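Chain residues, written in single-letter form:
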Amino acid sequence: MSDEIVGIDLGTTNSLIGVMEAGFPILLADGNGHRLTASVVYFPETGETVVGAVANRMRVLDPAATVYSAKRLIGLRGDDLAAEETRADYHIVRQARQPLRIQVRERQLAPEEIATAILAKLKRDAEAALERTVSRAVITVPAYFNDAQRNATKAAGEAAGFIVERIINEPTAAALAYGLDKLKSKAKIAVYDLGGGTFDISILELNDGVFQVLATSGNTHLGGDDIDAALVSECQLPLANWQKRELVTEAKHRLSSEDFVRIDAPFVEGKNFTYGLKRIELEGLAQPIIQRTRAHCLRALADAKLTASDLDEVILVGGMTRMPLVRQFVAELFGRDPNTSQNPDEAVALGATIQAGILSGAIRDVVLLDVTPLSLGIETFGGLMNVIIPRNSTIPIKAGEMFTTAVNQQRAMKIKVLQGERELAADNWSLGEFELGFPPAPKGVARVGVQFAIDADGILQVLARDTQTGAEKILSLTSAVDVSDEAVEAMIADSLEHAFEDMSERVWTETRLKSEEMLRAVEQAFAQLADDFAAGERARIESKAADVRAALATHETARLKAANRALDDATQELAAFIVEQAMQQTRG
């Protein structure tokens with residue numbers, strides 16, 4: 001039997017798997033290069049069960065046969081949950097004193113079977129990435145899971161083909177990930193973990209590489225799903241709940257960086273429907289849900305016999321902690337800014353992998369992991385810096401994104417590799433550049449995957465591949481990690497000094513690009529219009545377009561955003577007219 005043990009974060013929303021390689025914890029990607037696997041399972045009428053991103057898309061098309069957030073149900077009986085806690089687009093069979101079951105088509109499934117399907121996919125992906133068999137695993141669970149839930153998780157792992165060496169608490173795993181390369185040898189830590197379906201707060205003490213859990217509290221039925229449900233109820237769109245959920249979830253994510261978003265629904269009975277959502281409105285809905293975590297935090301502190309001022313660090317884990325309201329809430333509750341230096345979606349998996357390394361003997365002492373001193377990325381359209389690997393990411397590491405063209409009939413894409421913390425490409429350091437050619441096509445059609453990979457020696461390889469032709473180019477760089485402390489400090493100091501103006505310039509640039517795209521679309525639409533489009537309506541749109549052009553000359557972001565919204569509103573009837581015109585041509 002191999003001594004190798006993988007670490008697994010079996011999450012409510014996403015799951016990850018990692019392994020120790022050459023003394024470093026590596027999170028493994030699937031065949032598409034994604035480390036995050038959506039914890040979603042789709043059961044088609046015929047054929048094999050589908051797991052992951054493809055299954056997640058089926059939540060829109062076939063919601064009754066697509067199971068998500070099953071972790072909230074694992075190891076529980078009908079008496080354990082109130083009726084409102086079993087809301088889902090699929091049918092949950094809930095009977096007193098009987099294990100919860102999930103009805104999918106003609107089958108009734110235990111929640112553990114959903115977990116087994118997810119774990120089995122992670123196992124297949126890991127074996128494909130490593131080109132060897134993996135059979136032993138450490139799996140994480142919420143700290144508040146009871147014995148039945150822990151045993152059900154272990155049973156799911158065994159059914160997926162793993163020997164489950166240990167079930168560990170998610171906050172403990174996250175603290176382990178932070179602790180090895182961030183915290184001093186003795187520290188008291190609060191881990192605030194708010195994910196898609198569960199909340200945990202743990203108070204831990206780190207002492208010379210040993211973690212001791214002082215207190216835990218939490219709720220296995222509290223998380224981002226609840227905020228999504230509140231948004232669905234509030235959203236005044238004539239759509240099915242599953243359709244609204246898809247739209248409002250995306251809007252929720254955007255509102256972490258924007259103050260206002262428009263939710264545009266698909267055509268319903270020949271009409272357009274739009275719903276505007278402000279961040280303050282989202283926060284109003286989310287506030288009472290987030291406030292429910294306060295009592296758990298205070299209870300954990302009291303159980304640990306500590307006050308907030310006794311803590312050395314407060315760590316945020318879970319996708320919901322990206323929400324500004326959550327970060328503000330935690331800062332006020334604990335009297336200090338939380339530590340957000342780790343990827344909140346990956347910290348638990350990284351810690352599980354480190355724990356697996358400790359059990360297998362791959363880690364014998366506390367090991368300091370090398371990290372990227374500054375962010376790495378590429379220049380995108382408009383002269384902005386698009387970060388691929390954030391600062392302080394543990395190496396070795398791989399990360400990538402898909403890009404497309406911004407110009408019609410574009411024949412090549414220039415990949416300019418950047419390093420730094422500024423928002424504009426010109427303010428960061430250029431490490432090198434190359435060009436990848438591809439067949440000309442309309443803008444937005446070409447797809448170029450860009451992957452950054454840093455090995456244990458700090459060598460950066462940048463790969464760009466045209467997904468249509470398979471053509472690719474690779475650039476190797478040795479200076480991505482070997483940067484002097486003085487240079488790093490200077491770059492970070494510059495980024496802090498210019499943070500406000502940099503962000504303002506980025507928002508302006510993004511708004512300007514949207515304006516230019518809308519103006520081009522209006523011009524193209526007018527060129528295709530039949531003569532019977534209302535002259536008064538056309539004049540109104542041209543007037544709003546002129547307002548956008550005037551705002552472009554001012555460099556006033558608020559004015560340009562308002563002009564964009566006005567033009568967007570004014571073109572709703574135009575868009576509907578063009579669609580109707582196209583449909584008539586098709587029928588004719």
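Throughout, residues of each chain are indexed from 1 in the direction in which the sequence is written. Reporting of local features is limited, given that this is a predicted model, to residues whose pLDDT is at least 70; pairs of side-chain atoms are given and counted only at 80 or more, and all residues count toward the totals for whole chains, interfaces and linings. Only hydrogens and water are set aside; all other atoms, that is, all heavy atoms of the structure, feed into the side-chain values.

(A) Looking closely at unusual backbone geometry. If you check the backbone angles, Ser69 has positive phi at about 55° while not being a glycine. Only DSSP runs of H or I reaching four residues or more are called helices, and only runs of E reaching two or more are called strands; each is numbered from the N terminus. Relative to the elements of secondary structure, Ser69 occurs in the loop between strand E7 (66-68) and strand E8 (91-93).

(B) Expanded view of helix H5 (residues 224-234). Throughout this description, buried means an accessible area under 20% of the type-specific maximum (1.4 Å probe, protein chains only), exposed means over 50%, and partly exposed covers the range between. The buried fraction of H5 is high, at eight of eleven residues. Inspection of H5 places Gly224, Asp225, Asp226, Ile227, Asp228, Ala229, Leu231 and Val232 among the buried residues, and these make up the whole buried set.

(C) Representation of the packing of helix H11 (residues 499-528) against helix H12 (residues 535-552). Axes here mean lines fitted to C-alpha atoms, for a helix over just the part in contact, with angles spanning 0 to 180 degrees between N-to-C directions. Their axes nearest at 11 Å, the elements H11 and H12 cross at an angle of 150°. In terms of their interaxial angle, H11 and H12 are classed as roughly antiparallel. Along this stretch, H11 crosses H12, giving a crossing that reads as left-handed. Contacts between H11 and H12 involve Trp508, Arg512, Ser515, Leu519, Val522, Glu523 and Phe526 from the first element and Arg538, Ile541, Glu542, Ala545, Val548, Arg549, Ala551 and Leu552 from the second. The residue classification treats Ala, Val, Leu, Ile, Met, Phe, Trp, Tyr, Cys and Pro as nonpolar and Asp, Glu, Lys and Arg as charged. All others, Gly included, are polar. Tallied by class, residues from the contact of H11 with H12 come to nine nonpolar, one polar and five charged. We call two directions roughly parallel when the angle between them is under 35 degrees, roughly antiparallel when it is over 145, roughly perpendicular when it lies between 65 and 115, and oblique otherwise. For a crossing to be left-handed, the near helix must be turned anticlockwise from the far one by less than a right angle; the clockwise case is right-handed. What makes two residues a contact is simply this: any of their non-hydrogen atoms within 4.5 Å.

(D) Geometry of empty space enclosed by the protein. The pocket and cavity definitions rest on a 1 Å grid over protein atoms only: a 1.4 Å probe that fits but cannot leave marks a cavity, an open set with protein on both sides within 12 Å along at least five of seven lines marks a pocket, and residues lining either have an atom within 4 Å of a point. Grid points are joined across faces, edges and corners, and a volume is the space filled by probe spheres set on the points. Applying the stated criterion across every chain yields a total of two cavities of 30 Å³ or more. Space inside the largest cavity adds up to approximately 110 Å³. In terms of lining, the largest cavity is formed by 16 residues, of which the most central are Leu10, Gly11, Ala70, Lys71 and Ala115. Of all the secondary structure elements, the ones that give two or more residues to the lining of the largest cavity are helix H2 (111-130) and strand E11 (136-141).

(E) Structural view of the sheet that holds strand E25 (residues 460-466). Taken together, the four strands give an open sheet; going across it, the order is E21-E24-E25-E26, and neighbouring strands pair in antiparallel fashion. Two strands in the sheet have a free side with no partner beyond their single neighbour: strand E21 (397-404) and strand E26 (472-477). On average, each strand axis in the sheet is tilted by 15° relative to the strand beside it, whichever way the strands run. Direction of pairing for E25 relative to E26: antiparallel, over a ladder of six bridges. Within the sheet, the bridge partner assigned to Leu463 lies in E26 and is Ile474. A pair of strands counts as paired when DSSP detects no fewer than two bridges linking them.

(F) Spotlight on helix H7 (residues 279-303). By this rule the span expected of a helix is its residue count minus one, scaled by 1.5 Å. Its 25 residues give H7 an end-to-end C-alpha distance of 35 Å, which sits within 8% of 36 Å, the value for a rise of 1.5 Å per residue. Its axis deflected by about 40° at Ala286, H7 carries its strongest bend there, up to four residues before the proline Pro288. What H7 keeps buried is the set Arg279, Leu282, Ala286, Ile289, Ile290, Thr293, His296, Cys297, Ala300 and Leu301. Where H7 ends, the next residue or the one after it, Lys305, has phi of about 60°, a positive value. Note on bend: the value at a residue is the angle between axes fitted to the seven residues ending there and to the seven starting there.

(G) Examining the confidence of the model for the chain more closely. The predictor attaches a confidence to each residue, called pLDDT, with possible values from 0 through 100. Averaged over every residue, the pLDDT of the chain is 83; the share at 70 or more is 88%. Segment residues 366-370: pLDDT under 50, and 15 contacts once partners within four positions in sequence are set aside and those in other chains are kept.

(H) Quick look at the packing of aromatic side chains. Any two rings among Phe, Tyr and Trp, with Trp reduced to its six-membered ring, count as a pair given centres within 6.5 Å; such a pair is stacked if its planes are under 30 degrees apart, edge-to-face if over 60, and tilted if neither. Considering all chains together, one arrives at three aromatic pairs under this definition. Relative to Tyr90, the ring of Tyr68 lies with its centre 5.2 Å away and its plane at 80°, an arrangement referred to as edge-to-face. You can see Tyr68 sitting in strand E7 and its partner Tyr90 sitting in the loop between E7 and E8, a full 22 residues away along the chain. Per residue, the accessibility class of Tyr68 equals that of Tyr90, and both read buried. A connected cluster of aromatic rings, assembled from ring pairs, spans Tyr192, Phe199 and Phe329.

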